[in-house]
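# Chain and residue survey
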Amino acid sequence: MFADKLCNLSDEDLVTQYYDTRNHKLFQEIYQRYKDELFRYCAQMNPQRCIPLMESLWTAFLDAPPRLHQHRLKNWLYIRANKLLRKPATAEEDTHRETSKNGNDGLIEALETSEVLRAIQQLPDRDRNIFLLFTECGLSLATAADIERIPLSLCRKLLQQSREKIELAVHGSARRPWKTAATLAHEAAVRAKQAEEQATEQTGSTKAKPKKSSPIFPWEKSPNTAAASATANRSVEVA
């Protein structure tokens, strides 16, 4: 019965109750809701440090849950994860990385197997972070801009560029916008009309121009006139 009630509570109510009671079941409910998506996010941002960072985040939450002050728990978790990602690796993390090297290698191999994940990994850190926070984690673009401390307009531009780079890496070329059958038919008719007009212009330009008659000057005789004169002279001689 208690578990059913927990499922009906919002994230923020769970955090408030856990802050007040330190009931471990409340923490387990929060952990189950966010452990997978937070792990996927950190794995794509830094696969080498993903496991120790997740352990550090959840341990800190377990020991000292936050006061949200009407903020969303989801935003708080990703802001906290970003702060951990930006910090230099500690000696403890380096030791943990050596002991769990096989797990990290498997994670990196899984990221390289997928074309989409491999394309995401090729993005610059800031662009990749914005793309993941908005597209996969479901945060607002304004929250992503606040995390990266950049203007919203720049954040929107970087997100669009990231999408185009990923599509180019996966498909080889940018996709053409989808068009209706009516639009395609109209464009085909326009192209046919243009081709017909060009063919008409070329046909008209190749037609032979009419020759102008040569002028007859007073000091020259027309060939026809000369022939007529010769015929007349012969008829006179016969007579």
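As a reminder, the structure under discussion sits directly above these lines.
The present account deals with the structure reproduced in this document. Since the model is a prediction, treat every value here as computed from it, not as a measurement. (Residues numbered from 1 in each chain as written. Predicted model: local features only at pLDDT ≥ 70, side-chain atom pairs only at ≥ 80, totals over all residues. Heavy atoms only, no water.)

### Observations regarding the packing of helix α9 (residues 125-136) against helix α11 (residues 152-171)
Note the cut-off: Only the stretch in contact is used when a helix axis is fitted, and all axes are lines through C-alpha atoms; the angle between N-to-C directions ranges over 0 to 180 degrees. Segments assigned H or I by DSSP are reported as helices when at least four residues long, segments assigned E as strands when at least two residues long, and all are numbered from the N terminus. Orientation labels follow simple angle bins: below 35 degrees gives roughly parallel, above 145 gives roughly antiparallel, 65 to 115 gives roughly perpendicular, and whatever is left gives oblique. By definition, residues are in contact when any of their heavy atoms lie within 4.5 Å.
Two numbers describe how α9 lies on α11: the axes approach to 9 Å, and their chain directions differ by 90°. As summarised for this structure, α9 and α11 are arranged roughly perpendicular, according to the angle between their axes. Taken together, the residues of α11 that come into contact with α9 (itself represented by R126, D127, I130, F131, F134 and T135) are L154, C155, L158, L159, S162, R163, K165 and I166.

### Digging into helix α3 (residues 24-45)
Basically, it comes down to this: In this analysis, the expected span of each helix is defined as 1.5 Å times one less than the number of residues it contains. Note that the bend at a residue is defined as the angle between axes fitted to the seven residues ending at it and the seven residues starting at it. Each residue is assigned to one of three classes by its accessible area relative to the maximum for its type, calculated with a 1.4 Å probe on protein chains only: buried under 20%, partly exposed between the two thresholds, exposed over 50%. Polar contacts, as used here, are pairs of N or O atoms within 3.5 Å; protein pairs need one atom able to donate a hydrogen and one able to accept it. Residues neighboring in sequence count only if both atoms are side-chain atoms.
An ideal rise of 1.5 Å per residue puts 32 Å on 22 residues; α3 measures up with 29 Å between its terminal C-alpha atoms. At Y34, α3 is deflected by roughly 45°, the largest bend along its length. Looking only at α3, the buried set comprises L26, F27, E29, I30, Y34, L38, Y41, C42, A43, Q44 and M45. Regarding α3, its N-cap is N23, as a side-chain oxygen of that residue lies 2.9 Å from the backbone nitrogen of K25 further along.

### A word on the packing of α3 against helix α4 (residues 50-63)
Here is the rule: Put simply, a crossing is left-handed when the front helix is turned counterclockwise from the back one by less than a right angle, and right-handed when it is turned clockwise. The nonpolar class holds Ala, Val, Leu, Ile, Met, Phe, Trp, Tyr, Cys and Pro. Asp, Glu, Lys and Arg form the charged class, and all remaining residues, Gly among them, are polar.
In contact at an axis separation of 11 Å, α3 and α4 are set at 155° when each is read in the N-to-C sense. It follows from the interaxial angle that α3 and α4 lie roughly antiparallel. Classified by chirality, the crossing of α4 by α3 is right-handed. Two secondary-structure elements touch here, α3 through H24, F27, I30, Y31, Y34, K35, L38, F39, C42 and A43 and α4 through C50, I51, M54, L57, W58, F61 and L62. When the residues that make up the contact of α3 with α4 are grouped by side-chain class, the tally is 15 nonpolar, one polar and one charged.

### Re the pattern of salt bridges
Our working rule: We count a salt bridge whenever a side-chain nitrogen from Lys or Arg sits within 4 Å of a carboxyl oxygen from Asp or Glu.
The full count for this structure, using the stated rule, is seven salt bridges. The shortest N-O distance in the salt bridge between D11 and R33 comes to 2.6 Å. Of this pair, D11 sits in helix α2 (residues 11-21) while R33 sits in helix α3, placing them 22 residues apart in sequence. Taking the relative accessible area as the measure of exposure, D11 reaches 15% and is therefore buried. Residue class for R33 comes out partly exposed when judged on its relative accessible area of 26%. We note a salt bridge from R33 to E29, for which the minimum N-O separation is 3.1 Å. Residue R33 and its partner E29 are both found in helix α3; the two are separated by four residues, about one turn of the helix. Where salt bridges share partners, they join D11, E29 and R33 into one cluster.

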